[in-house]
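# A closer look at the structure
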Amino acid sequence: MHSQPPGPTAAKELFSLRGKRALVTGSGQGIGLTLARGLGAAGAELVLNDLDPARLEQAVATLRGEGLVVTGRRFDVAKAEEVGPAFVELERTVGPLDILVNNAGIHRRAPLETMPAASWQAVLDVNLTSAFLVTRAVASGMIERGGGKIINICSLNSELSRPTIANYAAAKGGLKMLTRAMAVEWGRHNLQANGIAPGYIRTDMTGGLVVDPEFDRYIRARTPAGRWGEPRELVGAAVFLASRASDFVNGQILYVDGGLLASQ
Ligand code: NAP
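Scanning the protein chain from terminus to terminus reveals nine helices and seven strands. In summary, the protein chain has a C-alpha radius of gyration of 18 Å against a globular reference of 18 Å for 264 residues, a match within 12%. With the C-alpha coordinates of the protein chain rotated into their principal frame, the extents come out at 50 × 45 × 40 Å. By residue count, 50% of the 264 residues in the protein chain fall in the buried class. The contacts in the protein chain between residues at least 6 apart in sequence include a share of 73% that link residues at least 24 apart. As displayed, the protein chain has an accessible area near 12,400 Å², and 55% of this comes from carbon and sulfur atoms. Across the protein chain, the centroid of the 28 positively charged side chains sits 4 Å from that of the 25 negatively charged ones.

Set out below in C-alpha cells:
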C-alpha cells in the first residue's frame, strides 16, 4: 500500500476508512465518543470501550441510531488481566482491528508535595500504561496483516505543565515518547503510530475548569484562538491519522490547541 505511486487519487478516497475496523478506548463520552463518530462517518466499523457499562451501552445505541456499525466492549484499559482476554474475544467474535485510538484518560489533581501515591499511580496507569497494554494486544496482529494505525491521545501537557498536574504531565509526556517508540519499532511493518494533542477542550474532564471564571478567562487569554475547543474539532486530525493520507507520517504529535503551544 505504501509503494503506490502518487496519482490523481480523489481526496475523498485518500481519507476514506471504508473496510477498516477501529477501536476507540474510553469512548463512552467526550472526545472518545466524538472521535469514534468521526471515524464511523469516514466509513470505519467501530468498537467502543468504556468502564461504565450503562454509558457504553448508551453510546453504542446512539451511534447505531446514526446508522453506524458499532459494537461495545467493557474492559479496564489499565488492567493487563482484562485487556488480554478482551482482545482474544474481540478478534474472535468481531474481527481484527485496523485502527486503534488510545483515548481513555483520567485526571487526579493535587499539589505535588502532597500528592497521594495512589493518585500518581492511577493517572500513570490509565493515561500511559494502558496505551502500552492495549497497543501490545493489537500490534502483533497488525504486523502480521501488513500494517495498521495507532493514534495516542496526548495533550498540551505532553509539553507543558502547571501546578497540581504533575502526574498527568508525566503520563502524557511519557505517552508522547511511547508514540515515538512505537513508530521507530514498527515503522518497517507499515504501522504508523502518531499522537493527537488536544489543547483545552470542553468535556466532562474539563467541566469544573470551564465554569471557573478565573480559569476560563485565563484559557481564553492564553489561547490565540481566544476560546475553548470542542471535541468535534479533533475529528479531522483523527481521520487523517487513521487513513492512507498519513501512510508516511509516523511518530508525530499533532497539536490541536487553537495555537496555544505556539504562544508565549
Ligand atoms: P472524559 O470526558 O472524562 O472521558 C474519558 C473517558 O475515558 C470516560 O468515558 C471514561 O469512562 C473512560 N475511561 C477512564 N478510565 C478508563 C479505563 N480505565 N478503561 C476504560 N475507559 C476508561 O475525558 P475527555 O476530555 O473526553 O478526554 C479524553 C482523552 O483526551 C483523555 O486521554 C484526556 O487526557 C485527553 N485530553 C483531554 C483534553 C480536554 O481538554 N478535555 C485535553 C487534552 C487531552 P468512565 O467515565 O466510565 O470511567
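After presenting the structure, the write-up continues.
Here seven strands make up an open sheet; going across it, the order is E3-E2-E1-E4-E5-E6-E7 and the pairing parallel. A single partner strand is all that each edge strand has here, and the edge strands are strand E3 (70–74) and strand E7 (253–256). Ignoring strand direction, the axes of neighbouring strands in this sheet form an average angle of 20°. Inspection of the sheet shows strand E5 (residues 148–153) paired to strand E6 (residues 191–198) by six bridges, in the parallel sense. Residue Lys149 lies in a different strand from E6, and its bridge partner there is Gln192.

All right, on to the packing of helix H4 (residues 80–93) against helix H5 (residues 117–145) then. At their nearest, the axes of H4 and H5 sit 8 Å apart, and the two run at 35° to each other. Handedness of the H4/H5 crossing: right-handed. Listed contacts from H5 to Ala80, Val83, Phe87 and Glu91 of H4 are Leu133, Val134, Ala137, Val138 and Arg145. Class assignment for the residues of the contact of H4 with H5 results in seven nonpolar, no polar and two charged.

As a further point, take the pairing of E6. Across the eight residues that make up E6, a large majority, eight, are buried. The alternating pattern of E6 places Leu191, Ala193, Gly195 and Ala197 and Gln192, Asn194, Ile196 and Pro198 on opposite faces, both of which are buried. Chirality of the crossover, the property in question, places the unit of E5, helix H6 (residues 166–186) and E6 among those that are right-handed.

Here we come to unusual backbone geometry. Phi angles above zero are rare outside glycine, and Thr164 is one such case at about 80°. Secondary-structure assignment places Thr164 in the loop between E5 and H6. Residue classification places Thr164 among the partly exposed positions, given a relative accessible area of 28%. A positive phi angle, near 60°, is found at Asn190, a position not held by glycine. Along the chain, the position of Asn190 falls in the loop between H6 and E6. Take Asn190: its relative accessible area is 7%, and that puts it in the buried class.

Let's shift gears to the site of the ligand. The immediate surroundings of the ligand are formed by 31 residues, with Asp50, Arg55, Asn103, Tyr168 and Thr203 found nearest. At 2.5 Å, a side-chain N or O of Asp50 approaches an oxygen atom of the ligand. Interatomic distance of 3.4 Å between a backbone N/O atom of Asp52 and an oxygen atom of the ligand. When the ligand is considered free in solution it has 890 Å² of accessible area, and contact with the protein chains removes 91% of it. For the shell around the ligand, the elements supplying multiple residues, two or more each, are helix H2 (30–41), strand E2 (45–50), H5 and H6. Classifying every residue of the shell around the ligand by side-chain character gives 14 nonpolar, 11 polar and six charged.

For the rest of this paragraph, the subject is the environment of Arg73. Looking at the secondary structure, you find Arg73 in strand E3. For the pair Arg73 and Leu39, spaced 34 residues apart in the sequence, the C-alpha separation amounts to 17 Å. A distance of 2.8 Å separates the side chain of Arg73 from the side chain of Glu89, its partner in a polar contact.

Our focus in this paragraph is the nonpolar core. Across soluble globular proteins, nonpolar side chains show a tendency to be buried alongside one another. In this structure, Leu23, Phe87 and Ile150 are the most contacted members of the largest nonpolar core, which totals 37 residues. Listed by contribution, the elements that provide at least two residues to this core are H4, H5, H6 and E6. Counting residues per element, this core draws most heavily on H5, at 10 residues. Once you skip the residues sitting within four places of it in the chain, Ile150 turns out to touch Leu100, Asn102, Thr135, Val138, Met142, Met182, Leu191, Gln192, Ala193 and Asn194. If you look at the next biggest cluster of nonpolar residues, it comprises 31 residues, including Ile31, Ala59, Ile196 and Leu234.

What follows covers the confidence of the model for the protein chain. For the protein chain, the mean per-residue pLDDT works out to 96, and 97% of the residues sit at or above 70. Per-element mean pLDDT across the protein chain ranges from 89 in helix H1 (residues 11–14) up to 99 in E6.

Rules used throughout
- Residues numbered from 1 in each chain as written.
- Predicted model: local features only at pLDDT ≥ 70, side-chain atom pairs only at ≥ 80, totals over all residues.
- Heavy atoms only, no water.
- Helix = DSSP H or I, 4+ residues; strand = E, 2+ residues; numbered from the N terminus.
- Rg over C-alpha atoms; globule rule 2.2 N^0.38 Å.
- Buried < 20%, exposed > 50% of the residue type's maximum accessible area, 1.4 Å probe, protein only.
- Contact = heavy atoms within 4.5 Å.
- Areas by Shrake-Rupley, 256 points an atom, 1.4 Å probe, with all protein chains shown as cover.
- Lys, Arg positive; Asp, Glu negative; His and termini not counted.
- Charge placed at Lys NZ, Arg CZ, Asp CG, Glu CD.
- Pairing = 2+ DSSP bridges.
- Axes fitted to C-alpha atoms, helices over the stretch in contact; angles between N-to-C directions.
- Left-handed = near helix turned anticlockwise from the far one by under 90°.
- Nonpolar A, V, L, I, M, F, W, Y, C, P; charged D, E, K, R; others polar.
- Right-handed = clockwise from strand over helix to strand, strands pointing away.
- Near = heavy atom within 4 Å.
- Polar contact = N/O pair within 3.5 Å; in protein donor to acceptor, adjacent residues only side chain to side chain.
- Core = buried A, V, L, I, M, F, W, Y, C linked by side-chain atoms within 4.5 Å.
- pLDDT = per-residue confidence, 0-100.

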